[in-house]
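Summary of the model geometry
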Amino acid sequence: MNLFRIVQKRTNKREHNGSPLQDVLTVLLFVFLLPYVISCLWGHVGEETDVLSHKADTEETERIDERYEVELVGDWGTKHMTMQEYLIRKLKVVMPKEEGSGKMYEPEALKAQAVLIRTELWGLFRSGEDTVVLQDEVLLYDHDEVYTQEEESLYAEAVMVTDGLYLSYEGKPIKASFFPVSSGQTRNADEALANGSYPYLISVECEQDILAKDYQSQVTYSKEEYRQRISELFGEDQAVQDLWNRLTFTYDSAGYVIKAEADGAFCSGETFRYAFALSSASFRAEWGEDAVTFYVKGAGHGFGMSQYGANEKAAAGDTFNQILEHYFFQVELVKIE
């Protein structure tokens, strides 16, 4: 048998002097025993691979966010879901794709936002309950917005990659504030609230926000419209001629109105901006003879993370934790245990 002799020569064995019948029997024995040898040597490799694969799949599905349940309550019923499902749905609401263009937020910005939503929610779970009840009509019902499978996966990935992560200050979940666009910098909570409750909400520069399409807006009201809204704020006994062109505004260092005041009547800047449907409390007013115009910068309350700024930072290469470190002072990224 030529093949057998080649093997002999390559292994430097001595010449075989047996009969042809012995050659045949040897080869047959080798052929029949070969499967058994292979089975003994490598037969369990597939089993071990299956075990490792199963272990990896199990670890992947055992997520912290799936351990807790959220109950949404509305006028027309209730809905139960895991914290993970809630975070994905909430993320779509607070960071939807851009209207018209369909442009999505950057993945790292979505991750930063997911951490903030989880942080707020975890503050409620800390009471020891495994279920949190929320009054949320928006999330209770399905939305008209349609997402592709790829877009859906971006929201899901943002939540799952940050699974269990939240922001902590001195061992407690923070007030994880966020808003659409700043006036050019975020606000210092101590200036607006003067109670020292949120030392991590400080003023930081957001120079990129001035490029946002919602950075500037203006609203004009006639004297009659102005009078109606002032009456809602300060009472019917305040005549429009008393308050026309006599309101004074107190501003914080970021340019947001802290207080609106006239003749002893006053309200907070946030209350005033809601009464006049202004996009933020960073505004100035110009009174004419028959109308007043408010010139506004930014959108939202201005505390914490600017969503536009976070997206710009993500586009420039910042990771979600770097984004969060920029907007929140001396906080820790902690995992739920």
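Below is a short write-up of the structure. (Residues numbered from 1 in each chain as written. Predicted model: local features only at pLDDT ≥ 70, side-chain atom pairs only at ≥ 80, totals over all residues. Heavy atoms only, no water.)

Description of helix α9 (residues 223-234)
Quick note on the threshold: Put simply, DSSP H or I for four residues or longer makes a helix, DSSP E for two residues or longer makes a strand, and each gets a number counted from the N terminus. Helix span, as expected, comes to 1.5 Å for every residue beyond the first. The cut-offs for exposure are 20% and 50% of the maximum accessible area for each residue type, with area from a 1.4 Å probe on protein chains only; residues under the lower value are buried, those over the upper are exposed, and the others partly exposed. Comment: arc refers to directions from the helix axis out to C-beta atoms.
Taking 1.5 Å per residue, 12 residues should reach 16 Å; α9 reaches 16 Å between its end C-alpha atoms and fits that length. Among the residues of α9, those classed as buried are Tyr-226, Ile-230, Ser-231 and Phe-234. End-on view of α9: buried residues confined to an arc of 135 degrees, all on one side of the axis. Facing away from the buried surface of α9 by more than 90 degrees, the exposed residues are Glu-224, Gln-228 and Glu-232. Looking at the residues trailing α9, positive phi occurs at Gly-235, about 105 degrees.

Regarding the layout of surface pockets
What counts here: Using a 1 Å grid laid over the protein atoms alone, points where a 1.4 Å probe fits but cannot get out form a cavity; open sets with protein on both sides within 12 Å along at least 5 of 7 lines form a pocket; any residue with an atom within 4 Å of a point counts as lining. Grid points are joined across faces, edges and corners, and a volume is the space filled by probe spheres set on the points. Throughout, the ten residues Ala, Val, Leu, Ile, Met, Phe, Trp, Tyr, Cys and Pro are labelled nonpolar, Asp, Glu, Lys and Arg are labelled charged, and all others, Gly among them, are labelled polar.
In this structure, the largest pocket occupies an estimated 660 Å³ of space. In the lining of the largest pocket, the residues fall into 12 nonpolar, 2 polar and 9 charged. Size it by volume and the second largest pocket reaches roughly 390 Å³. Taken together, 20 residues line the second largest pocket, and the ones lying closest to its centre are Lys-90, Glu-120, Lys-175, Ala-176 and Phe-178. Mapped onto the lining of the second largest pocket, the elements with two or more residues apiece are α4 (83-94), α5 (107-125) and β3 (131-135).

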